[in-house]
Amino acid sequence: MPNTGKNDHARKDELPSTVQRSDQKAQDTFAKTYDSALESYDNDESRAARTAFASLKHSYEKVGDHWEPKEKRGPSDQHAAEGLGSSAPTAGGVDTNASKEHLYKRARELNIEGRSKMDKDELVEALQKANDAATRKARGG
């Protein structure tokens, strides 16, 4: 998993593929959080990765096969807001706190059919599916 290099930037080849396809700040946020969490949690790689993604989701949202800056910082969904012990489902990087108009715009960017008839919850679900499909495709799957 990621480490920051001598230049204090993420080592791109050690990042998850969706983060590799994102901007430098997203890569650095993930890597620095991961490194810090790894120290804090006695080298528990799984917990460090969850912590790094949680940190990333406060400033970024998943769009297709990569992460883009959010309009407004903060938890991306109820699961992120409640923390580790939350039983709420995760939205997989979709910013459920964004406006319906914002979600619609993202759906248009990803060419999601039927988006004009969807309510906010349906847009979130459709975006999750489209993001997962785009990530699979980018990974060659």
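Colleague: Please provide a residue-by-residue account of the nonpolar core, values included.
Modeller: One recurring pattern in soluble globular proteins is that nonpolar side chains are buried together. In terms of nonpolar packing, the biggest core is built from 15 residues, with Leu15, Val19, Phe30, Tyr34 and Leu56 touching the most fellow members. Residue assignment for this core shows that the elements contributing at least two residues are α2 (24-40) and α3 (45-59). If one sorts the elements of this core by residue count, α2 sits on top with six residues. Counting residues in hydrophobic clusters, the runner-up holds 12 residues, among them Ala98, Leu103, Ala107 and Ile112.

Colleague: Give a description of α3 that names residues and reports values.
Modeller: For α3, with 15 residues, the first-to-last C-alpha span of 22 Å sits near the 21 Å given by 1.5 Å per residue. When we look at burial in α3, the residues that qualify are Ala48, Ala49, Ala52, Leu56, Lys57 and Ser59. Next to the buried residues of α3 lie α1 (17-20), α2, β1 (60-63) and β2 (66-69). Capping the start of α3 is the job of one residue whose side-chain oxygen sits 3.3 Å from the backbone nitrogen of serine 46: aspartate 44.

Colleague: Summarise the packing of aromatic side chains; cite the residues concerned and give the values.
Modeller: Scanning the entire structure with this criterion turns up three aromatic pairs. Ring geometry for phenylalanine 53 against tryptophan 67: centres 6.1 Å apart, planes inclined by 40°, an arrangement best described as tilted. Taken together, the residues phenylalanine 53 in helix α3 and tryptophan 67 in strand β2 connect sequence positions 14 residues apart. Judged by its relative accessible area of 24%, phenylalanine 53 is partly exposed. In textbook terms, an aromatic cluster arises when at least three aromatic residues are bridged by ring pairs, as seen for Phe30, Tyr34, Phe53 and Trp67.

Criteria and cut-off values
Residues numbered from 1 in each chain as written. Predicted model: local features only at pLDDT ≥ 70, side-chain atom pairs only at ≥ 80, totals over all residues. Heavy atoms only, no water. Core = buried A, V, L, I, M, F, W, Y, C linked by side-chain atoms within 4.5 Å. Buried < 20%, exposed > 50% of the residue type's maximum accessible area, 1.4 Å probe, protein only. Helix = DSSP H or I, 4+ residues; strand = E, 2+ residues; numbered from the N terminus. Expected span 1.5 Å × (residues − 1). Contact = heavy atoms within 4.5 Å. Polar contact = N/O pair within 3.5 Å; in protein donor to acceptor, adjacent residues only side chain to side chain. Phe/Tyr/Trp six-rings, centres within 6.5 Å; stacked < 30°, edge-to-face > 60°.

What is shown is where atoms sit, not what they do.
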